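Residue-level structural notes
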Amino acid sequence: MAKISLKRMSFSIEEDLYGQLESLLAQSGYDNRSEFIRDMIRKQLTRKQCAADGKVIGTISVLCDLNVHGIEAKLTEAVDNAVTETLGMSRFALADNSSTVMIGVQGIGSDIRNLVNSIRKLKGVIQAEFVITSSAGCRRC
């Protein structure tokens, strides 16, 4: 494994913001502030790439009302007709006659955003969210 070169930085923040950062760290499971900040930077860079229509990988989470006839078929059709590449889909039935569908996707950020927007418009979709995991070409993001 190649050795990663690190750069040391120093910065100042308000005392209140520092306290909030410490609380976030305690709740987040990060081992140290440096890893937390590196992860925040990676997330911002990925969001920027998505906004600039870069290629990204992520997950679309959809909550469906199964009382609406044919909602899952319409959801599958929307995904199948999308410009983006579908990496996989998993469906989980919930006790309240709803289901959640997780869709792994890869593609141009704007295409994925358009897919999510079209999913949100389907009658029977309660909620749809897209979470970017990384830029598609970045192994460390």
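Higher on the page you've got the structure.
Let me sum up the structure you'll find in this document.

What counts as what
- Counting restarts for each chain: residues are numbered from 1 in the order of the written sequence.
- For this predicted model, a pLDDT threshold of at least 70 governs which residues receive local features, and a threshold of 80 or more governs which side-chain atom pairs are given and counted, while totals over whole chains, interfaces and linings are taken from all residues.
- Note that water and hydrogens are dropped before the side-chain values are worked out from all heavy atoms of the structure.
- Here a Phe, Tyr or Trp ring, Trp counted by its six-membered ring, pairs with any other such ring whose centre lies within 6.5 Å, and the pair is stacked when the planes are under 30 degrees apart, edge-to-face when over 60, and tilted otherwise.
- The helix and strand labels rest on DSSP assignments: H or I over at least four residues marks a helix, E over at least two residues marks a strand, and numbering proceeds from the N terminus.
- Two residues form a contact once any of their heavy atoms are found within 4.5 Å.
- When accessible area is computed with a 1.4 Å probe and restricted to protein chains, residues below 20% of their type maximum are described as buried, those above 50% as exposed, and intermediate ones as partly exposed.

1. Examining the packing of aromatic side chains
For the structure on display, the rule yields one aromatic pair. Measuring from ring centre to ring centre gives 5.1 Å for Y30 and F36, while their planes differ by 85°; the resulting arrangement is edge-to-face.

2. Let's talk about the environment of M89
Within the secondary structure, M89 is located in strand β2 (residues 85-93). Along the primary structure M89 and S61 are separated by 28 residues, whereas in three dimensions their C-alpha atoms are 9.9 Å apart. Discounting residues that sit within four places of it in the chain, M89 has contacts with T76, V79, V101, M102 and I103.

3. A word on unusual backbone geometry
The backbone phi angle of N97 is positive, close to 60°, even though this residue is not glycine. Its place among the elements puts N97 in the loop between β2 and β3 (98-108). On the basis of relative accessibility, which here comes to 35%, the residue N97 falls in the partly exposed class.

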